[in-house]
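# Fold and contact review
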Amino acid sequence: MTPDFAQSYVYVVALAIVGVGFVFATLGISRLLQLRHPYAEKLSPYECGVEPLIGDSWSPFSVRYYIYALLFVIFDVEAVFVYPWALIFRSLGKTGFAEMMIFIAVLLFGLLYAWAKGALEWQ
Amino acid sequence: MHFSTPIFYLVSALVIIPAVLMVAMRNLIYSAIAMIACFIGVAAVFVTLNAELLAASQLLIYVGAISILILFAIMLTRRRSGAICLFFHRQSWAALPAGAALAVVLGIVLGSARFSAGSAPKNPSTANLASLLFNQYAFPFELASLVLLVAIVGAVLLAMRERRS
């Protein structure tokens, strides 16, 4: 393992530590500073100001979300191609720019198709 | 310019833990969470193999998208109350020879395979991969967008048919 290669992963580890540490620090500080006078009403779960539905927390959710998840997967795959492109974007010049624009334009047709078909409507 | 072999073996060994948990868990949601942990572990294995773009794709597509799809599918199909459980059909007597046979076949394949490290590119960096993809393989890259377009159309058609029925 050469030093500069190991060094590039030091940032990854540092970011991971900061990310995890931030969560614990935020919750920890709030726990230290907070006043605690609990009573039944206060301890009840709430959701956007309304009483939550009593019952199983693992309620099945609407099938309507599924199309958004499917479309998300496809545009996620698109994003993967953008990563290596962004890395050498400067050296690729105008051709590289055109390549990616064509790629995105084709997928944009897909999005327009989904839109025109009303797949994005919330019915 | 890569990780030492012990790190690779360590990470690979750690990935097996969530993989076993995924199969062993009786609750489907726990299985799915173990699977996500396994996906993250596989991304780490890719990093130790110097395949950074593959690791990024693994995180983005498998951890970020596929696992959500699978969780959605579980949430959509499970029955109204109580945890969904995996079905065990008491087929361990059949699973044992099947598993043993698979192990033998895999052993033969892995034993006879020659992993020729000599022909591998000297510097498999993401930038090199990118320049190959956008210069030499630009046409297949554009074709990939058509494949994705077909996937979108297929997803929309299926979703609309479900909605109508």
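### A word on the overall build of chain A
- From N to C terminus, chain A includes four helices and zero strands.
- Along chain A, helices and strands appear, N-terminal first, in the series α-α-α-α.
- Looking at chain A as a whole, 20% of its 123 residues qualify as buried.
- Carbon and sulfur atoms make up 72% of the accessible area of chain A, which totals about 9400 Å².

### Description of the environment of Leu 28 of chain B
Residue and element names in this part refer to chain B.
- When you line up the elements, Leu 28 lands in helix H2 (residues 28–48).
- Given the relative accessible area of 23%, Leu 28 is considered partly exposed.
- The spacing of Leu 28 and Ala 44 is 16 residues in sequence and 24 Å in space, taken between C-alpha atoms.

### Some points on helix H1 (residues 5–24) of chain B
Residue and element names in this part refer to chain B.
- Relative to the 28 Å expected for 20 residues at 1.5 Å per residue, H1 spans 29 Å between its end C-alpha atoms, a close match to the ideal helical length.
- For H1, every residue scored as buried is listed here: Val 11, Val 15 and Pro 18. Along the long axis of H1, the arc covered by the buried residues comes to 55°, so they all point the same way. Turned more than 90 degrees away from the buried face of H1, the exposed residues are Pro 6, Tyr 9, Leu 10, Ile 16, Val 20 and Val 23.

### Quick notes on the nonpolar core
- Of all hydrophobic cores here, the largest spans 22 residues; its most connected members are Ile 67 and Phe 103 of chain A together with Phe 134 and Val 156 of chain B.
- Every element with two or more residues in this core is listed here: helix H3 (65–87) and helix H4 (89–116) of chain A together with helix H5 (126–136) and helix H6 (138–164) of chain B.
- Tallying contributions element by element places H6 of chain B first for this core, with eight residues.
- Ignoring any residue separated from it by four or fewer positions in sequence, one finds Phe 103 of chain A in contact with Glu 78 and Phe 81 of chain A together with Phe 141, Glu 142, Ala 144, Ser 145 and Leu 148 of chain B.
- In terms of nonpolar packing, the next biggest core, distinct from the first, is built from five residues, Ala 69 of chain A together with Ala 65, Leu 69 and Phe 72 of chain B among them.

Cut-off values and rules
- Here the residue numbers are simple positions, counted from 1 along each chain's written sequence.
- To read the labels, note that chains go from A and ligands from 1, taken in the order they are written.
- Where local features are concerned, this predicted model is filtered to residues with pLDDT of at least 70; where side-chain atom pairs are given and counted, the filter is 80 or more; whole-chain, interface and lining totals use all residues.
- Derived side-chain values reflect all non-hydrogen atoms in the structure, with water molecules and hydrogen atoms excluded from consideration.
- Strands here are runs of E lasting at least two residues and helices are runs of H or I lasting at least four, both read from the DSSP assignment and numbered beginning at the N terminus.
- Here the term buried applies to any residue with accessible area under 20% of the maximum for its type, exposed to any over 50%, and partly exposed to those in between, with areas from a 1.4 Å probe on protein chains only.
- Only the protein chains shown count as covering a residue, and every accessible area follows the Shrake-Rupley method with a 1.4 Å probe.
- How far a helix is expected to stretch is found by multiplying one less than its residue total by 1.5 Å.
- Taken from the helix axis, the directions to the C-beta atoms give the arc we talk about.
- Throughout this description, the term nonpolar core refers to a set of buried Ala, Val, Leu, Ile, Met, Phe, Trp, Tyr and Cys residues connected via side-chain atoms within 4.5 Å.
- The contact criterion used throughout is that any non-hydrogen atoms of two residues lie within 4.5 Å.

These figures capture arrangement, not role.
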